[in-house]
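Structural overview
Here is how the chains run, residue by residue.
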Amino acid sequence: MKFFAINGSPRKNCSTAKLLDNALEGVKSVFPDASAERIDLYDFPFNGCKSCFACKIKNGRHYGKCVQNDDLKPILEKVVQADGIILGSPIYFSDVTGNMRCFLERFMFPFVAYSKTETVEHKRMPLAYIYTMNAPKEISYQIGYHDLHDHFEMGLSMVFTKPDHLYVYDTYQFKDYSKYVSDAFDEAEKRKVRQTQFPKDLENAFEIGKKVAIRAEQHD
Ligand SMILES: Cc1cc2nc3c(=O)[nH]c(=O)nc-3n(C[C@H](O)[C@H](O)[C@H](O)COP(=O)(O)O)c2cc1C
């Protein structure tokens, strides 16, 4: 079986990446022989959907597929065959990162049928979404991130399956806060959250990976 973690953070060794790696460990705890690969979306150049509509041309060669021939193409060809996917992204200005957005446009749009009667054949694999953010939980609720992200997940649910999700709040953003203008934050408080809460977040990420694997097993 094949599972992918899609890392929407430009940082390859920070909170989002660590959580995704743990989610893949969770997958492996269910399927030790499964292939479990992390894809870092900032490793290669690509665009979002260009609105060419080649994926919707009647009897077209590229119907139901993204026609753009760039570094994302081989990735899309792999992930559409996945048995389960864990997406992860930091929140940038209340939304997922630009590269995650670009990836999702091209991952999802070819499968959206502009028809009242026809659907586009594709695999509807189980998904999970891990969101990381600087904001503490209470502020995230005040801003309304959860409503925004529920709305965002509606698209994923329509095209694939309803994702399980994990919110990771109050992340530790720098290795050394003293080097950055960051007095808006209480470093000691952030460090405490990192030491006490982040290990629990990692466990939750492991569990969410396990869940995706179990759903994939039931899916077959
Ligand atoms: C450009 C940019 C915009 C951000 N916008 C938000 C935001 O709107 N809300 C928030 O809570 N955190 C925001 N953050 C903080 C990140 O979401 C947070 O540090 C995240 O955990 C980073 O994940 P990483 O360490 O895996 O890269 C922003 C960070 C950057 C660089």
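Keep in mind that this is a model prediction, so the values were computed, not measured.

1. Things to note about the overall build of the protein
In terms of regular secondary structure, the protein is built from seven helices and six strands. Shown N-terminal to C-terminal, the secondary structure of the protein runs as helices and strands in the order β-α-β-α-β-β-α-β-α-α-β-α-α. Dimensions of the protein along its principal axes, counting C-alpha atoms only, are 60 × 35 × 30 Å. In the protein, which comprises 220 residues, the share counted as buried stands at 46%. When the 30 basic and 30 acidic side-chain charges of the protein are each reduced to a single mean position, those positions are 4 Å apart.

2. What about the nonpolar core?
Of all hydrophobic cores here, the largest spans 36 residues; its most connected members are Ile6 and Phe103. Sorting the residues of this core by element identifies β1 (2-7), α2 (72-79), β3 (84-92), α3 (98-108), β5 (127-132) and α5 (145-159) as the ones contributing at least two each. The element best represented in this core is α3, accounting for five residues. With residues near it in sequence (within four places) discarded, phenylalanine 103 still touches Ile6, Leu41, Phe46, Leu72, Leu76, Val79 and Leu87. Judged by nonpolar contacts, the second largest core, of 21 residues, contains Phe31, Ala128, Ile208 and Val212.

3. A short note on unusual backbone geometry
Positive phi outside glycine occurs at phenylalanine 53, with the angle close to 65°. Mapped onto the fold, phenylalanine 53 is located in the loop between β2 (35-40) and α2. On the accessibility criterion, phenylalanine 53 (35% relative accessible area) is partly exposed. Of note, the phi angle at asparagine 59 is positive, near 55°, even though the residue is not glycine.

4. Topic: the pairing of strand β6 (residues 164-168)
Here β6 lies mainly inside the structure; four of its five residues are buried. Alignment of β5 against β6, held across five bridges, turns out to be parallel. Bridge assignment links threonine 132 to a residue of β6, and that residue is valine 168.

What counts and what doesn't
- Throughout this description, residue numbers start from 1 for each chain and increase along the sequence as written.
- In keeping with the model being predicted, local features are shown solely for residues with a pLDDT of at least 70 and side-chain atom pairs are shown and tallied solely at 80 or more, while totals for entire chains, interfaces and linings include all residues.
- To get the side-chain values, all heavy atoms of the structure are used, and hydrogens and water are removed first.
- The numbering of helices and of strands both runs from the N terminus, where a helix is a DSSP run of H or I of at least 4 residues and a strand a run of E of at least 2.
- Relative accessibility thresholds used throughout: buried, under 20% of the residue-type maximum; exposed, over 50%; partly exposed, between the two (1.4 Å probe, protein chains only).
- For the purpose of counting charges, residues Lys and Arg are taken to be positive, whereas Asp and Glu are taken to be negative. His and the chain ends are not included.
- Charged groups are reduced to one reference atom each: NZ for lysine, CZ for arginine, CG for aspartic acid, CD for glutamic acid.
- We call a set of buried residues a nonpolar core when its members are Ala, Val, Leu, Ile, Met, Phe, Trp, Tyr or Cys and they connect through side-chain atoms within 4.5 Å of each other.
- Contact definition: two residues touch when any of their heavy atoms are within 4.5 Å.
- Each pair of strands is called paired provided DSSP finds at least two bridges between the two strands.

Any functional reading would require information that these geometric values do not contain.
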